[in-house]
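# Notes for the structure review
Below are the chains, spelled out letter by letter.
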Amino acid sequence: MPIKFSKETSTRLFRYVKSVDISFNPFDNRTRSTREIWRQLQATRYHNANPNLSINTHVLGTADPPEVVFKFIDDTEKRFDSQHLKANEIMFDVHLDLDRLDNEYEMSGKSLDD
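Report on the accompanying structure. (Residues numbered from 1 in each chain as written. Predicted model: local features only at pLDDT ≥ 70, side-chain atom pairs only at ≥ 80, totals over all residues. Heavy atoms only, no water.)

## Focus on the pairing of strand β4 (residues 77–81)
Every regular strand shows the same layout, with side chains that alternate between the two sheet faces. By the bridge criterion, 5 bridges tie strand β3 (residues 67–72) to β4 in an arrangement that is antiparallel. By the bridge assignment for β4, V69 is matched with R79. Where β3 hands over to β4, the hairpin turn is made up of 4 residues, of which D75 adopts a positive phi near 65°. (Pairing = 2+ DSSP bridges. Helix = DSSP H or I, 4+ residues; strand = E, 2+ residues; numbered from the N terminus.)

## Comments concerning unusual backbone geometry
Most peptide bonds adopt trans geometry, and most residues besides glycine take a negative phi value. With a phi angle near 65°, D75 is a residue other than glycine that sits in the positive phi range. Of note, D75 is situated in the loop between β3 and β4.

## Concerning the sheet that holds strand β1 (residues 17–24)
As summarised here, the arrangement of the 4 strands in space is β2-β1-β3-β4, forming an open sheet in which the pairing is mixed. For this open sheet the edge positions go to β2 (54–59) and β4, each flanked by a neighbour on one side alone. The average undirected angle you get between the axes of adjacent strands in this sheet is 10°. On top of the sheet, helix α2 (residues 32–41) reaches β1, β2 and β3; it is set at about 140° to β1, its chief contact. Against the sheet, helix α4 (residues 87–108) makes contact with β1, β3 and β4, and its axis sits at roughly 10° relative to β3, the strand it touches most. (Axes fitted to C-alpha atoms, helices over the stretch in contact; angles between N-to-C directions. Contact = heavy atoms within 4.5 Å.)

## Some words on α4
Because the α-helix completes a turn every 3.6 residues, residues three or four places apart line up on one side. Between its terminal C-alpha atoms α4 stretches 32 Å, which fits the 32 Å expected from 22 residues at 1.5 Å a residue. Within α4 the residues assigned to the buried category are A87, I90, M91, V94, H95, D97, L98, L101, D102 and Y105. Relative to the axis of α4, the buried residues are bounded by an arc of 170° and lie together on one face. Structural note: α4 exposes N88 and M107 on the side pointing more than 90 degrees away from its buried face. Lining the buried residues of α4 we find α1 (7–13), β1, α2, α3 (44–49), β3 and β4. Taken from the residues just after α4, G109 is the one with a positive phi, measuring 80°. (Expected span 1.5 Å × (residues − 1). Buried < 20%, exposed > 50% of the residue type's maximum accessible area, 1.4 Å probe, protein only. Arc of directions from axis to C-beta.)

## Topic: the pattern of salt bridges
Across all of its chains, the model carries 10 salt bridges by this definition. A salt bridge links D93 to K78; the nearest nitrogen and oxygen atoms lie 3.4 Å apart. Residue D93 is located in helix α4, and its partner K78 is located in strand β4; the two are separated by 15 residues in the primary sequence. Given a relative accessible area of 23%, K78 falls into the partly exposed group. Residues participating in the shared-partner salt-bridge network are E67, E77 and R79. (Salt bridge = Lys/Arg side-chain N within 4 Å of Asp/Glu carboxyl O.)

## Some thoughts on the nonpolar core
Core analysis: the biggest nonpolar cluster contains 23 residues, and F14, L41 and F70 have the highest contact counts within it. Put simply, the parts of the chain that give this core at least two residues each are β1, α2, β3 and α4. At 7 residues, α4 tops the list of elements feeding residues into this core. (Core = buried A, V, L, I, M, F, W, Y, C linked by side-chain atoms within 4.5 Å.)

In structure tokens:
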């Protein structure tokens, strides 16, 4: 069983996200997880934890596959072709990267509050 991130930890970790780019065709059946990620990111707890979080949605009229791109504060990005993944798998993978980034900041003595 994979580890589970609490709501408080998840909210705190999202301070390390700079932006999220979501692109999908709303009439395509492959976009279910992309639309669920978009819905989850609308939660006020993410906005309250990170008021600078930019969520950019691109609604497509073509048959391009759905995509979710997370950009972190260290200028790295995590790209998901979400047609083959569930929303919880994407969020878990993002949380693992955010936890790694949090540990790196803590070990180097940096803080987001500075």
